[in-house]
Amino acid sequence: MEELSFEEAFQQLEETVLTLQNGQLPLEKAIEHFERGMRLVHYCNDLLQRAELRVRQLTVDGQGMPVAQPLELSQLTDEIE
């Protein structure tokens, strides 16, 4: 699964959900799909968390200590203009 991009994994997750919602799978297959779906959810969540960590701004607090803060979209647009 680690070779999947976020978009590929999310697409597979959507397909898995649709298959499960259909309700036509035998119980054992439904359980297998559910388990794969949960792995995909965790994988996508992990990728999103890693992306969030990459998009952080390093600032300095009042005591001169470095602090990582979320990068505000407004800061990016101000820098681009």
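Check the entry above for the structure.
All values reported here derive from a predicted model rather than from experimental measurement. (Residues numbered from 1 in each chain as written. Predicted model: local features only at pLDDT ≥ 70, side-chain atom pairs only at ≥ 80, totals over all residues. Heavy atoms only, no water.)

Trainee: Help me out: how do you make sense of helix 1 (residues 6-22) in this one?
Mentor: Residues lying three or four places apart along an α-helix face the same way, a consequence of the helix completing one turn every 3.6 residues. For helix 1, built from 17 residues, the straight-helix expectation of 24 Å at 1.5 Å per residue is met to within 8% by its first-to-last C-alpha distance of 24 Å. Residues Ala9, Leu13 and Thr16 constitute the buried set of helix 1. Buried residues in helix 1, looked at end-on, bunch into an arc of 65°, giving them a common side. In helix 1, the exposed residues that point more than 90 degrees away from the buried face are Glu7, Leu18 and Gln21. For helix 1, the secondary structure elements touched by its buried residues are helix 2 (27-54). Downstream of helix 1 by a residue or two, glycine 23 has a phi angle that is positive, lying close to 75°. (Helix = DSSP H or I, 4+ residues; strand = E, 2+ residues; numbered from the N terminus. Expected span 1.5 Å × (residues − 1). Buried < 20%, exposed > 50% of the residue type's maximum accessible area, 1.4 Å probe, protein only. Arc of directions from axis to C-beta. Contact = heavy atoms within 4.5 Å.)

Trainee: What should I look at first to understand the environment of alanine 9 in this one?
Mentor: Along the chain, alanine 9 turns up in helix 1. Linking alanine 9 and valine 41, residues 32 residues apart in sequence, is a C-alpha distance of 8.5 Å. Beyond its immediate stretch of four places on either side in the chain, alanine 9 contacts Leu4, Leu40, Tyr43 and Cys44.

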